Amino acid sequence: QGKQSDFYDIKAFVKQVFNRTGLDPGLFQQQEIRNELFLYGLQVNSGNTILAEYGAVHPVMLEKTGIKTGVFYADIRWDEMVEKASKKKIVYSELPKFPEVRRDLAMELDKGIKYHTIKEIAFKTEKRLLKNIKLFDVYEGAEITEGKKSYAVSFILQDMEGTLKDRQIDEVMENLARAFEKHAGAKIRQ
């Protein structure tokens with residue numbers, strides 16, 4: 001009797017494949033997908049090139065194949081990934097002297113809001129300390145309002161001139177939350 005698979009499992013597998021090729025999936029554009037194959041999922045792109053798509057298989061597809069339980073699936077475009085990996089330049093830079101900080105934020109949004117909108121709002125709101133943003137969960141279900149979805153997003157903050165204080169981190173996160181509420185109609189989940 002094993003643990004039931006979920007979105008995090010397929011995401012971890014896809015990340016391992018990227019890492020094995022020397023690519024960091026977090027450096028590519030990621031956008032939510034919904035189509036005849038995926039009930040929900042993420043697509044990893046490099047410009048107009050799709051590198052991978054993964055997520056929960058649509059119930060209509062499961063019904064057509066006679067599968068009774070939920071399935072998570074990944075479509076990895078090997079040729080595109082190998083080409084991208086072969087062009088990867090290795091760049092060295094001095095290690096930061098001050099630690100980075102990760103903070104997570106969960107928000108409820110209209111289904112029509114895309115991840116790239118959240119990313120744009122974040123980088124417009126915090127230009128100096130925000131180093132990276134990653135979508136690590138998309139959820140729709142019983143606890144989410146009809147017509148809405150939940151995004152769980154992690155933010156990497158770092159000050160190149162000193163160690164971040166809790167007060168600075170809290171202020172950045174409050175500013176981000178207000179910006180998501182104002183510009184994307186988000187409801188911040190506690």
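Residues numbered from 1 in each chain as written. Predicted model: local features only at pLDDT ≥ 70, side-chain atom pairs only at ≥ 80, totals over all residues. Heavy atoms only, no water.

### Looking at the packing of aromatic side chains
Link 1 in the chain: Here the structure, examined in full by the defined rule, presents five aromatic pairs.
Link 2 in the chain: Each ring, one from phenylalanine 7 and one from tyrosine 40, has its centre 6.0 Å from the other, and the planes form 45 degrees; the classification is tilted. In this pair, phenylalanine 7 sits in helix 1 (residues 7-20) while tyrosine 40 sits in strand 2 (residues 38-46), placing the two residues 33 residues apart along the sequence. In this structure, phenylalanine 7 and tyrosine 40 share a single accessibility class: buried.
Link 3 in the chain: The structure contains a cluster of three or more aromatic residues connected by ring pairs, namely Phe7, Tyr40 and Tyr54.
Link 4 in the chain: Of note, arginine 102 hangs over the ring of phenylalanine 136, and the distance from its end group to the ring centre comes to 5.3 Å. (Phe/Tyr/Trp six-rings, centres within 6.5 Å; stacked < 30°, edge-to-face > 60°. Helix = DSSP H or I, 4+ residues; strand = E, 2+ residues; numbered from the N terminus. Buried < 20%, exposed > 50% of the residue type's maximum accessible area, 1.4 Å probe, protein only. Lys NZ or Arg CZ within 6 Å of the ring centre and 35° of its normal.)

### A short note on the nonpolar core
Link 1 in the chain: Formed by 44 residues in total, the largest nonpolar core has its most connected members in Phe18, Met107, Leu109, Ile118, Tyr151, Phe155 and Phe180.
Link 2 in the chain: At the level of secondary structure, the elements contributing two or more residues to this core comprise helix 1, strand 2, strand 3 (49-57), strand 5 (101-110), helix 4 (115-125), strand 6 (130-139), strand 7 (148-157) and helix 5 (166-184).
Link 3 in the chain: Looking at this core, the element that brings in the most residues is helix 5, giving eight residues.
Link 4 in the chain: In this view, tyrosine 151 contacts Glu32, Leu105, Ala106, Met107, Leu109, Ile113, Lys114, Tyr115, Ile118, Leu135, Asp137 and Val138; residues no more than four positions away in its chain are not counted. (Core = buried A, V, L, I, M, F, W, Y, C linked by side-chain atoms within 4.5 Å. Contact = heavy atoms within 4.5 Å.)

### Things to note about a negative patch on the surface
Link 1 in the chain: On the surface, a cluster of negative charge is made up of Asp166, Asp170, Glu171 and Glu174.
Link 2 in the chain: Mapped onto the fold, glutamate 174 is located in helix 5.
Link 3 in the chain: Under the relative-accessibility criterion, glutamate 174 is labelled partly exposed at 47%. (Patch = residues over 30% accessible without salt bridge, like charges linked within 9 Å, V, L, I, M, F, W, Y side chains within 5 Å. Areas by Shrake-Rupley, 256 points an atom, 1.4 Å probe, with all protein chains shown as cover. Salt bridge = Lys/Arg side-chain N within 4 Å of Asp/Glu carboxyl O. Lys, Arg positive; Asp, Glu negative; His and termini not counted. Charge placed at Lys NZ, Arg CZ, Asp CG, Glu CD.)

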